Amino acid sequence: MKKVQTIFEQGGHKWLMIARDPDRAGDLIDTNEYLVAAGGESLLMDPGGSEIFPAVFSALATEFNPAQITALFASHQDPDIISSLSLWLDFKPALKCYVSWLWAGFIPHFGGRGDTFVPIPDPGMVIPLGDLELQAVAAHYLHSSGNFHLYDPKARVYFSGDVGAALLPPDLDGFFVTDFDRHIAHARAFHQRWMGSAPAKRNWCERVSKLPVDLMCPQHGAIYQGRDVERFINWFDELEVGVTSPV
Ligand SMILES: [Fe+2]
Ligand SMILES: [Fe+2]
């Protein structure tokens, strides 16, 4: 079963990370799921693939009642992000799913009806949750053509989807980055291949470097905290990405 860890808590406002499934089939990429709860509402980010739904659901249920989830957020359309959608909707048909307008006609192939989806316009939007105003932050082409991150300004937590992802070896499986230089070696090839647009990357670095962020939480790998958030943005800003030659 996956593990669950509280990564932020202040009164009823909390963030949980669900990660590291020791029973995961070796041919599935490892994923992190995150939940933010406030004021009696909660939102699950990138709930994961259908194959891992039981592992995510049962792990979450050890710390939090899944019936209290009110919304899902899909950073983009990949199967490791949101192919579990129909299983979540079987559990709770009233769930809403926030996703880029670009994918609102594609993701229903994984499940859901028209009124399941809340399309996010290209510039982003405020997503209310309890007494919070979460921000869907545009991250188009990083890597998907319709791509959003989720920022919680009160907790100073930034969910970054595939940006910041690292494919870590078994001996580096901590929830948090502790040795940036060692960690980032496992992020380089992923970003070089998957992040297709240098201008989009530059624009994202410019915008996100201005946000106060204590924790940057990617969908794969470990969480960047404190100074490592700035280190990551600087590293990414200087990394050569995108189409430079035929593969
Ligand atoms: Fe992806
Ligand atoms: Fe991913």
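Residues numbered from 1 in each chain as written. Chains lettered and ligands numbered in written order. Predicted model: local features only at pLDDT ≥ 70, side-chain atom pairs only at ≥ 80, totals over all residues. Heavy atoms only, no water.

**A look at the coordination of the iron ion (ligand 1)**
Selection rule: In this description, a donor is an N, O or S atom within 2.8 Å of the metal centre, a cutoff extended to 3.2 Å for sodium, potassium and calcium. Water is not part of the atom list, which can make sites seem incomplete. By the criteria applied, helices consist of DSSP H or I runs no shorter than four residues and strands consist of E runs no shorter than two, each listed in order from the N terminus. Each residue gets one of three labels from its accessible area relative to the maximum for its type: buried under 20%, exposed over 50%, partly exposed in between, using a 1.4 Å probe on protein chains only.
Protein-derived ligands of the iron ion (ligand 1) are His76 (NE2), Asp78 (OD), His143 (NE2) and Asp162 (OD), with the metal-ligand distances lying across 2.1 to 2.2 Å. In this structure, the iron ion (ligand 1) lies 3.6 Å from the iron ion (ligand 2), and both are coordinated by Asp162. Of this pair, His143 sits in the loop between strand E9 (132-138) and strand E10 (148-152) while Asp162 sits in the loop between strand E11 (157-161) and helix H4 (180-184), and the two are 19 residues apart along the sequence. Each of the two residues, His143 as well as Asp162, counts as buried.

**Description of the coordination of the iron ion (ligand 2)**
Inclusion rule: Every angle between 85 and 135 degrees makes a four-donor site tetrahedral, while opposite donors more than 155 degrees apart, with all other angles between 65 and 115, make a four-donor site square planar and a six-donor site octahedral; other sites are irregular.
Around the iron ion (ligand 2), the protein supplies Asp80 (OD), Asp162 (OD), Gln219 (OE1) and His220 (NE2) as donor atoms, at distances of 2.1 to 2.5 Å. Each of the four donor atoms bound to the iron ion (ligand 2) contributes to angles spanning 81 to 169°, and the resulting shape is irregular. Judged by relative accessible area, Asp162 falls into the buried class, the value being 3%.

**Remarks on the side chain of Thr116**
To be explicit about the condition: By the criterion applied in these results, polar contacts are pairs of N or O atoms within 3.5 Å in which, for protein atoms, one can donate a hydrogen and the other can accept it, and in which residues neighboring in sequence qualify only through two side-chain atoms.
If you trace the backbone, Thr116 turns up in the loop between strand E6 (96-100) and strand E7 (117-120). Within polar-contact distance, the side chain of Thr116 engages the backbone nitrogen of Arg113 at 2.9 Å.

**Re the packing of aromatic side chains**
Selection rule: The criterion for an aromatic pair is that two Phe, Tyr or Trp rings (for Trp, the six-membered ring) have centres within 6.5 Å, with stacked assigned to planes under 30 degrees apart, edge-to-face to planes over 60 apart and tilted to the rest. Only Lys NZ and Arg CZ are tested; either one counts as a charge over a ring when it is within 6 Å of the ring centre and within 35 degrees of the ring normal.
All told, the structure shown has 16 aromatic pairs when counted by the stated rule. Grouped by ring-pair contacts, the aromatic residues Tyr151, Tyr158, Phe180, Trp204, Tyr224, Phe232, Trp235 and Phe236 constitute a single cluster. The cationic tip of Lys201 hangs over the ring face of Phe236; the distance from NZ or CZ to the ring centre is 5.8 Å.

**So, the sheet that holds E10**
Here is the rule: Note: two strands are recorded as paired if DSSP finds a minimum of 2 bridges between them. Any two residues whose heavy atoms approach within 4.5 Å at even a single point are treated as in contact. Lines fitted to the C-alpha atoms define the axes, with helices restricted to the stretch that makes contact. Angles between their N-to-C directions range from 0 to 180 degrees.
Across the sheet, six strands lie side by side as E8-E9-E10-E11-E12-E13; this open sheet has mixed pairing. The open sheet has two edge strands with one neighbour each: strand E8 (124-129) and strand E13 (224-225). Both strand E12 (residues 215-218) and E13 contribute to a ladder of two bridges, which runs antiparallel. Bridge pairing in E13 places Leu215 opposite Gln225. Of the strands in this sheet, E9, E10, E11 and E12 are in contact with helix H6 (residues 198-208), which crosses E9 at around 155°.

**Some points on the sheet that holds strand E4 (residues 41-45)**
Taken in spatial order, the seven strands of this open sheet run E1-E2-E3-E4-E5-E6-E7, and their pairing is mixed. Both edges of this open sheet fall to strand E1 (3-10) and E7, since each of them pairs with a single strand only. Taken pair by pair, the neighbouring strands of this sheet meet at an average axis angle of 20°, ignoring direction. As paired elements, strand E2 (residues 13-19) and strand E3 (residues 33-38) share five bridges and run antiparallel to each other. Bridge pairing in E3 places Leu16 opposite Leu35. Contacting E1, E2 and E3, helix H1 (residues 53-61) runs over the sheet at an angle of about 140° to E2.

**A word on H1**
Taken residue by residue, H1 has Phe53, Ala55, Val56, Ala59 and Leu60 as its buried positions. Summarising the contacts, the buried residues of H1 are in contact with E1, E2, E3 and helix H3 (85-91).

**Thoughts on the pairing of E3**
With six of its six residues buried, E3 lies for the most part within the structure. Here E3 runs beside E4; their pairing, made up of five bridges, is antiparallel. Along E4, the bridge assignment pairs Val36 with Leu43. Between E3 and E4, which pair antiparallel in sequence order, lie two residues; one of them, Gly39, sits at a positive phi of approximately 55°.

**Quick word on the pattern of salt bridges**
Definition in use: Every case where a carboxyl oxygen of Asp or Glu lies within 4 Å of a side-chain nitrogen of Lys or Arg is listed as a salt bridge.
Following the criterion strictly, the structure yields 12 salt bridges and no others. Between Glu206 and Arg202 there is a salt bridge, with the nearest N and O atoms lying 3.3 Å from each other. A residue pair is termed a helical-turn pair when its members lie 3 or 4 positions apart in one helix, as Glu206 and Arg202 do in helix H6 at four residues. Classification of Glu206 as partly exposed rests on a relative accessible area of 36%. Owing to a relative accessible area of 38%, Arg202 belongs among the partly exposed residues under this scheme. The partner of Arg227 in a salt bridge is Glu230, with the nearest N and O atoms 3.6 Å apart. Of this pair, Arg227 and Glu230 both sit in helix H7 (residues 227-238), three residues apart, which is roughly one turn of the helix. Each of Arg202, Glu206, Lys210 and Asp237 takes part in a single network of salt bridges with overlapping partners.

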